[in-house]
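Given next are the chains, with one letter for each unit.
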Amino acid sequence: MPQDERTACGQAGGSVVRYLDEFGDPAAAERLLAHVRATATRRWSIMEVCGGQTHTIVRHGIDALLAEQVRLVHGPGCPVCVTPLEIIDRAVTLAARPEVTFCSFGDMLRVPGSTGDLFGVKARGGDVRVVYSPLDAVALARSEPDRQVVFFAIGFETTAPAVAMAVQVAARAGLGNFSVLVSHVRVPPAIEAVLRAPGCGVQGFLAAGHVCTVMGTAEYEPIVARHRVPIVVTGFEPLDVLEGIRRVVCQLEEGRAELDNAYPRAVSPEGNPAARAALAEVFEVCDRTWRGIGTIPRSGLQLAPAYARFDAATRFGVEGAGAVESSRCRAGEVLQGLISPPECEAFGTDCTPAHPLGAPMVSAEGACAAYHRYRRREGPVRSPS
Ligand code: SF4
């Protein structure tokens, strides 16, 4: 390939997406695909961090379209999938208590713990409710003062600010019957863990745009510098993902390792200051266990001492019981990009969305669910070479 074609990286993405119907424009997609194909001189391994990006890639066959140029590795950015079994078990125990109204986002209800799931508690008469915001749970606590209302606070830096705000609202209102079961996780330490894992072959990252909308981009600069790895902040539509891939491939071909923002319509370097302030006031950084992966230092958020009275695990005395994962579920390998979902022996047979063995088959952002929904029994996309 002529050098002048390979170094045209700054110009070829070209199209700026402004309107909804442009996000999937076939002509623009073809231009981006053509540029990646013309630029890549070898096959590069790129990890998309977020499960939402995984679904876009699998749904639109982006991995198949670029199979010869890029190996897309699915990352650990599915909040439901990485919530540890031990926390699911605590949630099930809490939800079964007669005085508790347990509130959760809907996709947590079918995630299997070692002693069942929240749907099972609900079926047995437990007061388990699906809410769309932590503030719904605060409103419930206000309207039902005789009930202990617990919100299941899981997810990344995207959902944590709303939980922080709910705790602040509950504190200002003096609500003694509201608490949160916290299992929040942070993306940057997970990227570091992937890079430090033995045998890691990931050469570049698509960072999760929505996380950066909240947190900004500064946290990724040290990772880029330490590991000499390109990180491109990327959105979720097909053209967003293609543009992110294009920019990573350009950097790799030119021997550059930089932090780049390909999602400027939503992400600024400083993120959302109000959301970050709420996070800093209500939470503090802690070590966190990721389901199937293990403990990652400083990868979680827990309530800061000033708000520790809202911690449901402490209030009700439910501590971890050392739960053991199903030996058949290979979610840890899927979440670290070590295998593709169809390589799990249970995929599509003993593990389906109706009868999941592991969380990645349950969640709307889970890689196993994406393959089952869009690709069924087909194997991972491989280079023909
Ligand atoms: S297919 Fe099911 S059993 Fe296999 S890794 Fe995915 S969630 Fe676990």
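Given the structure is predicted, the values throughout are model-derived calculations rather than measurements. (Residues numbered from 1 in each chain as written. Predicted model: local features only at pLDDT ≥ 70, side-chain atom pairs only at ≥ 80, totals over all residues. Heavy atoms only, no water.)

### Describing the site of the ligand
Using the following cut-off: Any residue with a heavy atom lying within 4 Å of a molecule or strand is counted as near it. Residues are grouped as follows: Ala, Val, Leu, Ile, Met, Phe, Trp, Tyr, Cys and Pro are nonpolar; Asp, Glu, Lys and Arg are charged; every other residue, Gly included, is polar.
Every residue lining the ligand is accounted for by C329, R330, A331, C344, F347, C351, L357, G358, P360, M361 and C368. Of the residues in the shell around the ligand, the class split is nine nonpolar, one polar and one charged.

### Quick word on the sheet that holds strand β6 (residues 178–185)
Keep this limit in mind: Between any two strands, at least two bridges found by DSSP are needed for them to pair. Where helices and strands are cited, they refer to DSSP runs of H or I of at least four residues and of E of at least two residues respectively, numbered from the N terminus. Here an axis means a line fitted to C-alpha atoms, over the contact stretch when the element is a helix, while the angle between two N-to-C directions is reported on a 0 to 180 degree scale.
Pairing in this open sheet of six strands is mixed, and the strands run β4-β3-β5-β6-β11-β10 from one edge to the other. The sheet is open, and its two borders are formed by β4 (128–130) and β10 (283–290), each paired with just one other strand. Between one strand axis and the next, the sheet turns through 25° on average, direction left out of account. With seven bridges connecting them, β10 and strand β11 (residues 294–303) associate as antiparallel partners.

### Examining the side chain of R186
Rules: Side-chain atoms alone can form a polar contact between residues adjacent in sequence; in general such a contact is a pair of N or O atoms within 3.5 Å, and within protein one must be able to donate a hydrogen while the other accepts it. By definition, residues are in contact when any of their heavy atoms lie within 4.5 Å.
In this structure, R186 sits in the loop between β6 and α11 (187–196). Reaching out from R186, the side chain makes a polar contact with the backbone oxygen of R298 at a distance of 2.5 Å. Beyond its immediate chain neighbours, meaning those up to four positions away, R186 contacts F156, E157, E219, V285, W290, R298, S299, G300 and L301.

### Some remarks on the packing of helix α10 (residues 160–173) against helix α15 (residues 273–282)
Which entries qualify depends on this criterion: For classification purposes, angles smaller than 35 degrees are called roughly parallel, those larger than 145 roughly antiparallel, those between 65 and 115 roughly perpendicular, and all remaining angles oblique. Note on convention: the crossing is left-handed when the near helix lies turned anticlockwise from the far helix by less than a right angle, right-handed when the turn is clockwise.
The geometry of α10 relative to α15 is characterised by a closest axis approach of 8 Å and an angle of 60° between their N-to-C directions. As judged from the angle between their axes, α10 and α15 are oblique. Regarding α10 and α15, the two cross each other, and that crossing is left-handed. From α10, A160, P161, A164, V167 and Q168 reach across to α15, where they touch A275, A278, L279, E281 and V282. Class assignment of the residues belonging to the contact of α10 with α15 gives a composition of eight nonpolar, one polar and one charged.

### Observations concerning the state of the cysteines
Basically, it comes down to this: Note on terminology: pairs of cysteine sulfur atoms within 2.5 Å are recorded as disulfides. Only protein chains enter the accessibility calculation, which uses a 1.4 Å probe; a residue whose area is less than 20% of its type maximum is buried, one above 50% is exposed, and one in between is partly exposed.
The tally for this structure, following the rule as stated, stands at one disulfide. Covalently, C78 is tied to C81 through a disulfide, its sulfur atoms 2.3 Å apart. Taking the torsion about the S-S bond as the criterion, the C78 to C81 disulfide, at about 70°, is right-handed. The exposure classification of C78 matches that of C81, with both residues buried.

### Observations concerning the environment of A67
Along the polypeptide, A67 turns up in the loop between α5 (62–65) and β2 (70–77). According to the relative accessible area criterion, A67 is buried, its value standing at 9%. For the pair A67 and V128, spaced 61 residues apart in sequence, the C-alpha to C-alpha distance is 44 Å.

### Some points on the packing of helix α3 (residues 26–39) against helix α14 (residues 238–254)
Direction vectors running N to C along α3 and α14 enclose 20°, while the axes themselves pass 10 Å from each other. The pairing of α3 with α14 is recorded here as roughly parallel in orientation. Two packed elements cross with a definite hand, and for α3 against α14 that hand is left-handed. Across the interface between the two elements, A28, A29, L32, L33, H35, V36 and T39 of α3 pack against L239, L242, E243, I245, R246, V249, C250 and E253 of α14. Residues belonging to the contact of α3 with α14 are distributed by class as follows: 10 nonpolar, two polar and three charged.

### Remarks on the pairing of β6
The cut-off we apply is this: For crossovers, right-handed means that the path from the first strand over the helix to the second runs clockwise, given strands pointing away from the viewer.
Burial analysis of β6 places eight of its eight residues in the buried class, the great majority of the element. Alternating positions in β6 separate into two faces, F178, V180, V182 and H184 on one and S179, L181, S183 and V185 on the other, with burial throughout. Both strand β5 (residues 148–155) and β6 contribute to a ladder of seven bridges, which runs parallel. Counterpart to F152 in the pairing with β6 is L181. Each parallel crossover has a hand, and for β5 linked through α10 to β6 it is right-handed. Here two bridges tie β6 to β11, and the two strands are oriented antiparallel to one another. When the bridges of β11 are listed, H184 appears paired with L301.

### Re the confidence of the model for the protein chain
Heads up, the condition is: Residue-level confidence of the predictor is what pLDDT reports, using numbers from 0 through 100.
Residue-level pLDDT values for the protein chain average 89, and 91% of them are 70 or greater. Every residue in residues 380–385 is under pLDDT 50, and counting partners more than four places away or in other chains gives 15 contacts.

### Brief notes about the sheet that holds strand β1 (residues 44–50)
The strand order across the open sheet formed by five strands is β2-β1-β7-β8-β9, and the pairing between neighbours is parallel. Two strands lie at the open edges of the sheet, namely β2 and β9 (259–261), each paired on one side alone. The sheet shows a mean angle of 25° between the axes of neighbouring strands, direction not considered. The pairing of strand β8 (residues 231–234) with β9 spans three bridges and is parallel. Within β9, the position partnered with V232 by the bridge is D260.

### A closer look at the pattern of salt bridges
Here the idea is simple: oppositely charged side chains can pair when their charged atoms come close. The criterion, for reference: By convention in these notes, a salt bridge is any Lys or Arg side-chain nitrogen within 4 Å of a carboxyl oxygen on Asp or Glu.
Summed over the entire model, instances satisfying the criterion amount to 18 salt bridges. Residue R129 is joined to D127 by a salt bridge in which the shortest nitrogen-to-oxygen separation is 2.9 Å. Here E243 makes a salt bridge to R247, at a shortest N to O gap of 2.7 Å. One end of the pair, E243, and the other, R247, are both in helix α14, four residues apart, so they sit about a helical turn from each other. Taking relative accessible area as the criterion, E243 reaches 12% and is therefore assigned buried. Each member of the salt-bridge network shares a partner with another, and the members are D127, R129, E144 and R147.

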